[in-house]
Amino acid sequence: MMDLKIKVVTRQNGYSLAIDNEEFMYYTAESLIEGFSIRLGLERLNTMTQGEIGRLMEATKQGSLPKRLQKEVDSLNAKVKDQKKLIAELRREIREMKQKYGEENDEEPVWYSN
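One structure accompanies this document, and this report is about it.

1. Here we look at the overall build of the protein
For step 1, the next point in the chain: Along the backbone of the protein there are three helices and three strands.
For step 2, the next point in the chain: Beginning at the N terminus, the succession of helices and strands in the protein can be written as β-β-β-α-α-α.
For step 3, the next point in the chain: Expressed as a percentage of the 114 residues in the protein, the buried residues total 16%.
For step 4, the next point in the chain: In the protein, the share of contacts with a sequence separation of at least 24, taken over all contacts with a separation of at least 6, comes to 14%.

See the structure below:
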């Protein structure tokens, strides 16, 4: 984010948040903080509805998004670990077969599929 001009003003009926040339109005201090977090913290400068802001803030508060992403990362890491084990096992089998049958034929086998 570049140097932004940010201004918060207390109005008679709420608060205004000005970011460069855009101004957003909030009617409670909580909604002002939510708007500040979303618009500046997450760099969502485009217009969002209060419902969208509320859902995004709720997901952030609950930690559901980071938890879900971490669960996915853990699952993928487990798959990578299993694949590495399989690769090591297959390499060991190849070495054993080369020792058993000799290395005179170093060509890759031709695989046929139906």
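2. A look at helix H2 (residues 50–62)
Each α-helix turn comprises 3.6 residues. Residues three or four places apart therefore point the same way.
For step 1, the next point in the chain: The first and last C-alpha atoms of H2 sit 18 Å apart over 13 residues, in line with the 18 Å expected at 1.5 Å per residue.
For step 2, the next point in the chain: Gly63 lies just past H2 and shows a positive phi near 75°.

3. Details of the pairing of strand E3 (residues 22–26)
Consecutive side chains along a regular strand alternate between the two faces of the sheet.
For step 1, the next point in the chain: In terms of strand pairing, strand E2 (residues 14–19) meets E3 through five bridges, oriented antiparallel. Counted as the bridge partner of Tyr15 is Tyr26 from E3.
For step 2, the next point in the chain: Taking the residues between adjacent antiparallel strands as the criterion, E2 and E3 are bridged by two residues, where Asp20 takes a positive phi near 55°.

4. Some points on unusual backbone geometry
For step 1, the next point in the chain: The phi angle at Asp20 is positive, at roughly 55°, despite the residue not being glycine.
For step 2, the next point in the chain: By the secondary structure assignment, Asp20 is in the loop between E2 and E3.

5. Thoughts on helix H1 (residues 29–41)
For step 1, the next point in the chain: Compared with an ideal rise of 1.5 Å per residue, which puts 13 residues at 18 Å, H1 spans 17 Å between its outermost C-alpha atoms and is within 8% of the ideal.
For step 2, the next point in the chain: Those residues of H1 hidden inside the fold are in contact with strand E1 (6–11), E2, E3 and H2.

6. A closer look at the pattern of salt bridges
For step 1, the next point in the chain: Scanning all chains against the criterion turns up two salt bridges.
For step 2, the next point in the chain: Of the charged contacts, one joins Arg11 and Glu23 as a salt bridge, the two residues approaching to 3.3 Å between their closest N and O atoms. Of this pair, Arg11 sits in strand E1 while Glu23 is found in strand E3, placing the two residues twelve residues apart along the sequence.
For step 3, the next point in the chain: One salt bridge in this structure joins Arg92 and Glu96, with 3.0 Å as the shortest N-O distance. A residue pair is termed a helical-turn pair when its members lie 3 or 4 positions apart in one helix, as Arg92 and Glu96 do in helix H3 (residues 64–101) at four residues.
For step 4, the next point in the chain: Given a relative accessible area of 41%, Glu96 falls into the partly exposed group.

Cut-offs used in this document
- Residues numbered from 1 in each chain as written.
- Predicted model: local features only at pLDDT ≥ 70, side-chain atom pairs only at ≥ 80, totals over all residues.
- Heavy atoms only, no water.
- Helix = DSSP H or I, 4+ residues; strand = E, 2+ residues; numbered from the N terminus.
- Buried < 20%, exposed > 50% of the residue type's maximum accessible area, 1.4 Å probe, protein only.
- Contact = heavy atoms within 4.5 Å.
- Expected span 1.5 Å × (residues − 1).
- Pairing = 2+ DSSP bridges.
- Salt bridge = Lys/Arg side-chain N within 4 Å of Asp/Glu carboxyl O.

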